Amino acid sequence: MNLKHQPLMSSFKTIMPSPFVAVCLLAITLSASQPNVATAEVLAGVDVLQRDDFASLAGQKVGLITNHTGTNLTGASTVQLLHDSTDVDLVALFSPEHGFVGQLDQANIDDQRDSLTGLKVHSLYGKTRVPTAEMLEGIDTLVFDIQDIGVRFYTYISTMGGAMKAAAENDVRFVVLDRPNPINGTEVQGPVTDAGSESFIAYHRIPVRHGMTIGELAKMFQAEWELDLDLQVIPMESWAGRPGFDQTGRMWINPSPNMRSLNAAYLYPAIGLWETTNLSVGRGTDTPFEHFGAPWIDALELARELNEQGLSGVRFVPIEFTPDASKFANEKCGGVNLILTQRAEFDPLRTALTIAVTLRKLAPDDWNTKSLNRLLVSQKIAEGILGGHSVEQLQAAYQEELEDFQARRAKYLMYR
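Contact geometry of helix 8 (residues 299-307) with helix 9 (residues 348-362) gives a least axis separation of 10 Å together with a crossing angle of 130°. Between helix 8 and helix 9, the angle falls in the class oblique. Between helix 8 and helix 9 the crossing geometry is right-handed. Along the contact surface, helix 8 presents E301, L302, E305 and L306, while helix 9 presents T354, I355, T358, L359, K361 and L362. Split by residue class, the contact of helix 8 with helix 9 holds 5 nonpolar, 2 polar and 3 charged.

Turning next to the domain arrangement of the protein. Parsing the protein into structural domains produces domain 1 (45-251) and domain 2 (262-377). Taking only C-alpha atoms, the centre of domain 1 and the centre of domain 2 are 30 Å apart. Each side of the interface is counted separately: domain 1 has 24 residues, and domain 2 has 17 residues. The three residues of domain 1 that bury the most area against domain 2 are F153, I183 and I201, which together make up 31% of that side's buried surface. Along the contact surface separating domain 1 from domain 2 lie 2 salt bridges. For the salt bridge of R283 with D105, the shortest nitrogen-to-oxygen distance reads 3.4 Å. Of all the secondary structure elements, the ones that give two or more residues to the side of domain 1 that touches domain 2 are strand 7 (189-192) and strand 8 (207-209). A class-by-class count of the residues in the side of domain 1 that touches domain 2 yields 12 nonpolar, 6 polar and 6 charged.

Taken in spatial order, the 3 strands of this open sheet run 10-12-11, and their pairing is antiparallel. The sheet is open, and its two edges are formed by strand 10 (291-294) and strand 11 (314-321), each paired on a single side. Between one strand and the next, the sheet's axes are offset by a mean angle of 25°, whatever the strand orientation. Bridging between strand 11 and strand 12 (residues 333-340) involves 8 bridges; their strand directions are antiparallel. Along strand 12, the bridge assignment pairs P318 with V336. The strands touched by helix 8 within the sheet are strand 10, strand 11 and strand 12, with strand 11 carrying the most contacts at an inclination of about 175°.

Parameters and conventions
- Residues numbered from 1 in each chain as written.
- Predicted model: local features only at pLDDT ≥ 70, side-chain atom pairs only at ≥ 80, totals over all residues.
- Heavy atoms only, no water.
- Axes fitted to C-alpha atoms, helices over the stretch in contact; angles between N-to-C directions.
- Helix = DSSP H or I, 4+ residues; strand = E, 2+ residues; numbered from the N terminus.
- Parallel < 35°, antiparallel > 145°, perpendicular 65-115°, else oblique.
- Left-handed = near helix turned anticlockwise from the far one by under 90°.
- Contact = heavy atoms within 4.5 Å.
- Nonpolar A, V, L, I, M, F, W, Y, C, P; charged D, E, K, R; others polar.
- Domains from an automatic or database assignment.
- Buried area = accessible area lost by both parts, 1.4 Å probe.
- Salt bridge = Lys/Arg side-chain N within 4 Å of Asp/Glu carboxyl O.
- Pairing = 2+ DSSP bridges.

Given below as C-alpha cells:
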C-alpha cells in the first residue's frame, strides 16, 4: 500500500503555536502528566564533592571528562570548580560526542582548547573514542561528570565505559560524579542487547531503557567486566523515589543539539529507536524526537491507526513538516506529533513497538527496514516485527531477559 499523504491544511512549522500558547500547553500537559509532588533540590555528585571541600580529589592530578552539562546546582561548571580548588590540580580535559560545549553534530570532532583554563580538551569522539596512554600520562584520577539521558543508545555512557577500561589499563583511579536519570530511575523497558552485538551505541548488555544512573552503571560495568579499577562514585543526595528530572529542582540543560527538552527525552526511546530506518525523527525541525514522519506517510491514516491502539498516556496528532537539514531535508513529510497526556502511564517501548508494527502493516514496501536492528540490537525482536508479530508477542519474547537484567541491576542500585 502506498502511503503518499494527502495535502493537509499547512506545514508543521506554520501551525506551531506562539511561544505564550506553547508555554501554556506545556504547563497543561505537565499538570496532566504528573502527580502533585513537591520538588526537592537534588544534590548531584559535583555538589556533594564541592560541599565536602573536594576531599575525594585532594592532592590529585585530575583529568575531567565532561561537557556543558557538568554544572552544580547553581550553574557553576565542574571545570570551573575543580580549576579554582586549591586542593585539586586539574591537568587535562576530555569531551564526548557533540564536543566540549555540546553544540556539534558531526561524525568526528577534533581536539579543542578550553578558554577558561587554557587546557587542551582531548576529543573522545574523533581519532579515538577512549583515552590513550599518552593522554592519561601524569593523571592520578580521571573524573566523569556528564548528564545522561537514560537510554542505551545515547552514547555518553559508552564514553564512560571506554574511559573506565582505559583507566584500568593505565592504573588510573576513576571517579564518577553521579547525576539523576532524567526519565526516572524506576522504569526498565525494552529488549536487552544481544550477546556479542555490543557496540558504541549498545555498549553493554542492558535494555533500551535501563532505569539506572551513570554511577550505578559504572558499578555494573566494573563488576561485570571484572575491571581491576579503583572506582569511586560520589552519590547524589535527596533523589528519594528516583524521580524524573522535573522533580529534582535542577536546571535543565539540553545535553545534545537535538535533545532540546525533557519532553523529548521521555519520547526519545519511542521515536529514536527507528531513526536508522527511512523515517525523519525531526532533526532539522524545532522539535526533534517529538514527532516523526516521511514523504511516503499518510499522516491522517497513521495517526488514526496509532490512536486506535489505545496506548496509555499518549496521543498522536497528524502533521506535515519539512526538515531543513538531516534526513528528507527540504522534503514535505507526513507524520505524527506525540503528545504526552499522562506521563506516568506512558510506556515508550510499547509505543515504539506499536509504531513499528503499524508501519509494517500499512507500508511494508515503503518502510525500509534494512537497518531496523541497528539500535534495537535484538535479532529476534527485529525478526518478529518483520514477521508480523503483535506488540504483545514482541514484549513477551524479551520478558525473560528483561527480568534477568532487573536481577542484575538490583545489585548496583544506590538510591531506593
